[in-house]
Amino acid sequence: SDVCSSDLALGTQGIRTAPIPAYSATVSKSALGASRQPILSIRPGQLFNGRLFLSEAILRFMSAAATATKPVRFELVLNGTLNNSANFATAGTGSTMLFDTSATSITGGQTKLAFTLAKDGTFNSALPQLGEIFLTRFDTFSIVATPAASNTDIDASISWFEDL
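Predicted, not measured: the structure shown is a model, and the values here were computed from it.

(A) Up close: the sheet that holds strand E15 (residues 141-147). Ordered by their spatial adjacency, 6 strands build an open sheet running E9-E10-E3-E15-E7-E12, and the pairing between neighbours is antiparallel. With partners counted over all chains shown, the strands left at the sheet margins are strand E9 (89-90) and strand E12 (110-117), one partner each. Here 2 bridges tie E9 to strand E10 (residues 97-100), and the two strands are oriented antiparallel to one another. The partner of Ala89 across the bridge, within E10, is Phe99.

Here you go:
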C-alpha cells in the first residue's frame, strides 16, 4: 500500500507529496531450540538497479507470536552482528530493502525494546510509539527470540516505509 505525506519525507529531503512505498517481511520458524537467535532481520541494500543507493527506511509496525511450553523473550536489536549464515534477499519488487531469516546467532547491537511473551502469546506494536527508528544504508534491524524451552514456534513480521 502507499501512504501520501505532506510532512517532511523521513526528515531528510524536504516536503514530499508523492506516495511513500510501504513494504513488509514475514517469517514463521518451527521447533526452535532454547537459545538466543535472530528470527527476522532487515537492512537497506547497497545497490538498487545496479547503482549505489542511499535510501532510508522508517520502521512502522512489528509483530511477534510464540507457541511454546514456556515463555519466550524477544528483543528488537539495531545493528547487531549476524553470523555468516545470514543470507539477505530482496524484500520485493521496487523495494530497496533486504531481509534475512537464516542467521542463527547475533552479537552486539543496541536493544531498542525487550519483552517477554507468555507461552502462547502475541505482541503487536506500531513502532513510532517506541520512537522513530530510521535505517540508513549501514543499519540492520533484527527481531531476536530467546525461548525458555526447546520446540518453540515463532512468527514475526516487520513493515516499513521507504524514502527513495
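(B) A look at unusual backbone geometry. In this structure, Ala31 is a non-glycine residue whose phi angle is positive, near 55°. Positionally, Ala31 belongs in strand E2 (residues 19-32).

(C) Here's a closer look at the nonpolar core. Counting 31 residues, the largest nonpolar core has Ile42, Leu59, Phe74, Leu135, Phe141 and Trp160 as its most contacted members. Mapped onto this core, the elements with two or more residues apiece are E2, strand E3 (37-44), strand E6 (56-67), strand E7 (72-78), E12, E15 and strand E16 (152-163). With 5 residues, E6 is the single largest residue contributor to this core. Filtering out sequence-adjacent residues up to four positions away, Leu135 remains in contact with Ile42, Pro44, Ser55, Glu56, Ala57, Leu59, Leu78, Met97 and Phe141.

(D) Structural view of the pattern of salt bridges. By the definition in use, this model includes 2 salt bridges. In this structure, Arg36 and Glu75 form a salt bridge, with 2.8 Å as the shortest nitrogen-oxygen distance. Placement of Arg36 in the loop between E2 and E3 and of Glu75 in strand E7 is noted, with a sequence separation of 39 residues between them. A relative accessible area of 7% means that Glu75 is categorised as buried. Notably, a salt bridge pairs Glu75 with Arg73, separated by 3.3 Å at the nearest N-O pair.

Scoring rules and cut-offs
- Residues numbered from 1 in each chain as written.
- Predicted model: local features only at pLDDT ≥ 70, side-chain atom pairs only at ≥ 80, totals over all residues.
- Heavy atoms only, no water.
- Pairing = 2+ DSSP bridges.
- Helix = DSSP H or I, 4+ residues; strand = E, 2+ residues; numbered from the N terminus.
- Core = buried A, V, L, I, M, F, W, Y, C linked by side-chain atoms within 4.5 Å.
- Buried < 20%, exposed > 50% of the residue type's maximum accessible area, 1.4 Å probe, protein only.
- Contact = heavy atoms within 4.5 Å.
- Salt bridge = Lys/Arg side-chain N within 4 Å of Asp/Glu carboxyl O.

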